[in-house]
Amino acid sequence: MLRVRLCEEADHPALAGVMAEMQAHYRVPCPPDAEIRAGLANRPAGAELLVAEHDGAIVGFAAFSAIYPGPGLRPGCFLKEIYVAEAARGLGAGKALLAELARLALARGFGRIDWTAARDDERLLRFYESLGGRPHPEKVFFRLTGEGLARLAEG
């Protein structure tokens, strides 16, 4: 049985394993398990997580935060990350995570959910579009890291 709910502290060990799998999937460095768990326990205020469980095991998650302002000066939601373990793909966990996020957004009075997606992942883009999501080509995603971040902070 598939179930989606807000993450609890007891989920952190299993969720850390799913996050480590995600890092490997994206071919990016992964911190040690203890560091992942510490990050989960000490995440910034407003950073929330939904988890997807299948037969009692954590198989995916969605990380999101409230944002303000949005159109009409209403709050919205930014989906930072969604990931479903490879072994659990096809069970509907991704759709269930997004559906629960949509329910939470509406219940909290949020007017929209925004997220980014890899331009070249056609399967992913089709999935998002099948749920009613629409790309916004007039927007450009920016990122400030490393030396650029430090240089700007120095003034």
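This section reports on the structure supplied with the text. Note that the structure is a prediction, hence the values are computed from the model and not measured. (Residues numbered from 1 in each chain as written. Predicted model: local features only at pLDDT ≥ 70, side-chain atom pairs only at ≥ 80, totals over all residues. Heavy atoms only, no water.)

1. Some thoughts on the overall build of the protein
When helices and strands are tallied, the protein shows five helices and five strands. In terms of overall size, the protein behaves like a compact globule, its C-alpha atoms giving a radius of gyration of 16 Å where 155 residues would be expected to give roughly 15 Å. Dimensions of the protein, computed from the C-alpha atoms along their principal axes, are close to 50 × 35 × 30 Å. A total of 155 residues make up the protein; the buried ones form 31% of that total. Intrachain contacts of the protein at a sequence separation of at least 6 include 58% that bridge at least 24 residues. Accessible surface, the protein as shown: approximately 10300 Å² in total, 56% of it carbon and sulfur. In the protein, 19 side chains carry a positive charge and 20 a negative one; their mean positions are 6 Å apart. (Helix = DSSP H or I, 4+ residues; strand = E, 2+ residues; numbered from the N terminus. Rg over C-alpha atoms; globule rule 2.2 N^0.38 Å. Buried < 20%, exposed > 50% of the residue type's maximum accessible area, 1.4 Å probe, protein only. Contact = heavy atoms within 4.5 Å. Areas by Shrake-Rupley, 256 points an atom, 1.4 Å probe, with all protein chains shown as cover. Lys, Arg positive; Asp, Glu negative; His and termini not counted. Charge placed at Lys NZ, Arg CZ, Asp CG, Glu CD.)

2. Remarks on the pairing of strand 2 (residues 48-54)
Regular strands place their side chains on alternate faces of the sheet. Strand 2 sits mainly inside the fold: five of its seven residues count as buried. The pairing of strand 1 (residues 2-6) with strand 2 spans five bridges and is antiparallel. Pairing of Leu-2 across the sheet is with His-54, part of strand 2. Two elements, strand 2 and strand 3 (residues 57-67), share seven bridges in a ladder whose sense is antiparallel. Within the sheet, the bridge partner assigned to Glu-48 lies in strand 3 and is Phe-64. Between strand 2 and strand 3, which pair antiparallel one after the other, the connecting turn spans two residues, and Asp-55 there sits at a positive phi close to 50 degrees. (Pairing = 2+ DSSP bridges.)

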